[in-house]
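So the chains spell out like this:
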Amino acid sequence: MGEKVRLTGKEKSELWFEGVVTVVLLLMLNFALFVLLKELVDLSQQLQDSIWSVKNVLTFGQDKQHLWSWRSVFMVAMAVLDVIVVYWRLIHRYRQIQMRHVIRELHYIADGHLDHRIQFSVNTDLQKVINSINALVDSTVNSMEEERRIESSKDELITNVSHDIRTPLTSIIGYLGLIEDKQYKSDEELVKYTHTAYLKAKQMKVLVEDLFEYTKVRQTTTPLNPVKFDMLAMLEQLAASFELEGQKHHLRFVVSGRPNPLMMEADTEKLGRVFNNLIANALKYGKGAHHIFLTAEAVGSEVVIKVQNDGEQIPNDSLSKLFDRFYRVEGSRNQETGGTGLGLAIAQSIVTLHGGYIYADSTPELTSFVIHLPRTLGQTLKPDQKIKNE
């Protein structure tokens, strides 16, 4: 609750002067009206008779006391009216002073003091204006902070993209330069240089494609092509498509869920990209894992899908950063594992487009990526408070 408006000495004098002037003017007006009314009564016998008739009718008490004379009634009535007028004038002037204080505070904020808020507490509609001003300043500050955050994010994105493109591009230019200058000793060495440049070019192509996909799914206007499908059947197909890759890593896929079939509505093409990214991450970074578990369960109006592996635990300080662009748990900028650092960010954006959310959890036994999706598009799920705090 804010404090009352504190009046300065000058403003108190202003109120006092306003009261005195109003009282003097009212007394002069009362006197003038009294004189005019007295002259009118003295000159009109009919008016005098009417006043006497009223007094005879309006009596009170056992002794039939008459009302006071018309002069007394007039003075009492005028005194009451004067008090009302003086009170109204003083309140009106006080509110004008309050408005001046608010305008002064508003000018102070407009001069760049955006951390300042108007703390006055008044009992008039002016309080609504003050609350609206404070809300507007809060909204403006939040918008400015969001704009700065977006600009910073863009700068970071440009820096990271430049770094990740420059590394393979330098290698490509270097090897092609060697070939251009014929600085190779044999055809085998020429093939080696060409093959290395080709691999680096493919690496750049993957980065550019991931970057394009990321910027596309980050837009809230990105259209979805929803279809009804069986989520368990989709997970079975994904497990089958990665079976050979899993065998190379000595991994076995386990698919389970309920009910069966588990029907829902989503853009299967985009969701496929999500699961492909999560499974590819499990294959690349799930060191020591023997299983990849794909599970789906209907919980009320949502579906909870988990992609889990029993490999090496992800450090706790990395869990909250996994979905940041270009973040890699190994903490290096090299791309020996073939990752661009955009896969999980793309997955998160696609899940958000569907009105859901995704988070990671890791224990010595299991590393889990948990996706919550609405069974029908058009709903927006909110993460549990526990998940927000993790």
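Cut-offs and rules
- Residues numbered from 1 in each chain as written.
- Predicted model: local features only at pLDDT ≥ 70, side-chain atom pairs only at ≥ 80, totals over all residues.
- Heavy atoms only, no water.
- Helix = DSSP H or I, 4+ residues; strand = E, 2+ residues; numbered from the N terminus.
- Buried < 20%, exposed > 50% of the residue type's maximum accessible area, 1.4 Å probe, protein only.
- Contact = heavy atoms within 4.5 Å.
- Salt bridge = Lys/Arg side-chain N within 4 Å of Asp/Glu carboxyl O.
- Pairing = 2+ DSSP bridges.
- Axes fitted to C-alpha atoms, helices over the stretch in contact; angles between N-to-C directions.
- Phe/Tyr/Trp six-rings, centres within 6.5 Å; stacked < 30°, edge-to-face > 60°.
- Parallel < 35°, antiparallel > 145°, perpendicular 65-115°, else oblique.
- Left-handed = near helix turned anticlockwise from the far one by under 90°.
- UniProt positions renumbered as here; feature names shortened; annotations may be inferred.
- Patch = residues over 30% accessible without salt bridge, like charges linked within 9 Å, V, L, I, M, F, W, Y side chains within 5 Å.
- Areas by Shrake-Rupley, 256 points an atom, 1.4 Å probe, with all protein chains shown as cover.
- Expected span 1.5 Å × (residues − 1).

## Overview of the overall build of the protein chain
Link 1 in the chain: Scanning the protein chain from terminus to terminus reveals 11 helices and nine strands.
Link 2 in the chain: In the protein chain, buried positions account for 34% of the 390 residues.
Link 3 in the chain: Taking the intrachain contacts of the protein chain between residues at least 6 apart in sequence as the baseline, contacts between residues at least 24 apart amount to 69%.

## What to know about the pattern of salt bridges
Link 1 in the chain: Throughout the structure, instances matching the rule amount to eight salt bridges.
Link 2 in the chain: Here Glu-146 ties to Arg-149 by a salt bridge, and the two come within 2.6 Å at their closest N and O atoms. Of the two residues, Glu-146 and Arg-149 both sit in helix H4 (residues 126-180), three residues apart, roughly one turn of that helix.
Link 3 in the chain: Given a relative accessible area of 35%, Glu-146 falls into the partly exposed group.
Link 4 in the chain: For Arg-149, a relative accessible area of 45% gives the class partly exposed.
Link 5 in the chain: For the salt bridge of Asp-267 with Lys-270, the shortest nitrogen-to-oxygen distance reads 3.6 Å. Across the pair, exposure class does not vary: Asp-267 and Lys-270 are buried alike.

## What about the sheet that holds strand E7 (residues 302-309)?
Link 1 in the chain: Read from one edge of the open sheet, five strands run E4-E6-E7-E9-E8, paired in mixed fashion. At either margin of the open sheet sits one strand with a lone partner, and together these are strand E4 (252-258) and strand E8 (357-362). Each strand axis lies, on average, 15 degrees off the axis of its neighbour in the sheet, ignoring direction.
Link 2 in the chain: Here strand E6 (residues 291-299) runs beside E7; their pairing, made up of eight bridges, is antiparallel. Residue pairing in the sheet places Phe-293 in a bridge with Gln-308 of E7.
Link 3 in the chain: Each of E4, E6 and E7 is contacted by helix H6 (residues 231-241), which is oriented at about 180 degrees to E4, the strand it contacts most.
Link 4 in the chain: Here helix H10 (residues 343-353) sits on the sheet and contacts E8 and strand E9 (367-374); the angle it forms with E9, its principal contact strand, is near 25 degrees.

## Quick notes on the packing of aromatic side chains
When we look at a pair of aromatic rings, we describe it by the centre distance and by the angle of the planes.
Link 1 in the chain: Taken as a whole and assessed by the stated rule, the structure comprises two aromatic pairs.
Link 2 in the chain: Between Tyr-175 and Tyr-193 the ring centres are 5.5 Å apart and the planes differ by 45 degrees, which places this aromatic pair in the tilted class. Residue Tyr-175 is found in helix H4, and its partner Tyr-193 is found in helix H5 (residues 187-217); the two are separated by 18 residues along the sequence.
Link 3 in the chain: Ring geometry for Tyr-357 versus Tyr-359: centroids 6.5 Å apart, planes at 20 degrees, classification stacked.

## A closer look at the pairing of E8
Side chains on a regular strand alternate between the two faces of the sheet.
Link 1 in the chain: As defined by bridge partners, E8 adjoins E9 across six bridges and the pair is classed as antiparallel. What sits directly across from Asp-361, in E9, is Ser-368.
Link 2 in the chain: Hairpin remark: E8 followed by E9, antiparallel, with four residues in the connecting loop.

## Notes on the packing of H6 against helix H8 (residues 268-285)
Link 1 in the chain: At their nearest, the axes of H6 and H8 sit 11 Å apart, and the two run at 50 degrees to each other. The orientation of H6 relative to H8 falls into the category oblique. By crossing handedness, the relation of H6 to H8 is classed as right-handed. Here Met-231, Met-234, Leu-235 and Leu-238 of H6 lie close against H8, whose contacting residues are Thr-268, Leu-271, Gly-272, Phe-275, Asn-276 and Ile-279.

## Here's the deal with unusual backbone geometry
Link 1 in the chain: Backbone torsion omega between Arg-258 and Pro-259 reads -5 degrees, so that peptide bond is classified as cis.
Link 2 in the chain: Within the secondary structure, Pro-259 is located in the loop between E4 and strand E5 (263-266).
Link 3 in the chain: The linkage connecting Asn-260 with the following residue, Pro-261, adopts the cis geometry, with an omega of 5 degrees.
Link 4 in the chain: Looking at the secondary structure, you find Pro-261 in the loop between E4 and E5.
Link 5 in the chain: For His-250, which is not glycine, the phi dihedral falls at a positive 60 degrees.
Link 6 in the chain: Relative to the elements of secondary structure, His-250 occurs in the loop between helix H7 (243-248) and E4.

## Brief notes about the UniProt feature "transmembrane region" (unreviewed entry) in the protein chain
Link 1 in the chain: Within this structure's numbering, the places UniProt gives as "transmembrane region" (unreviewed entry) are residues 15-37 and 68-90.
Link 2 in the chain: This span, residues 15-37, is 100% helix and 0% strand, and a straight line between its end C-alpha atoms measures 32 Å.

## What to know about a nonpolar patch on the surface
Link 1 in the chain: A cluster of nonpolar side chains, namely Trp-16, Phe-17, Val-20, Val-21, Val-24, Leu-25 and Met-28, defines an oily patch on the protein surface of about 740 Å² accessible area.
Link 2 in the chain: Turning to its location among the elements, Met-28 is positioned in helix H1 (residues 9-43).

## Some remarks on H1
Link 1 in the chain: When the terminal C-alpha atoms of H1 are compared, their 51 Å separation across 35 residues agrees well with the 51 Å that a helix rising 1.5 Å per residue should span.
Link 2 in the chain: Within H1 the residues assigned to the buried category are Glu-11, Leu-15, Glu-18, Gly-19, Thr-22, Leu-26, Asn-30 and Val-41.

## With respect to H10
Link 1 in the chain: Judged by how many residues are buried, H10 sits mostly within the fold: nine of 11 residues are covered.
Link 2 in the chain: Those residues of H10 not exposed but buried are Gly-343, Leu-344, Ala-345, Ile-346, Ala-347, Ser-349, Ile-350, Val-351 and Leu-353.
Link 3 in the chain: Along its buried surface, H10 packs onto H5, H8, E8 and E9.
Link 4 in the chain: Just past H10, the residue Gly-355 takes up positive phi, approximately 85 degrees.

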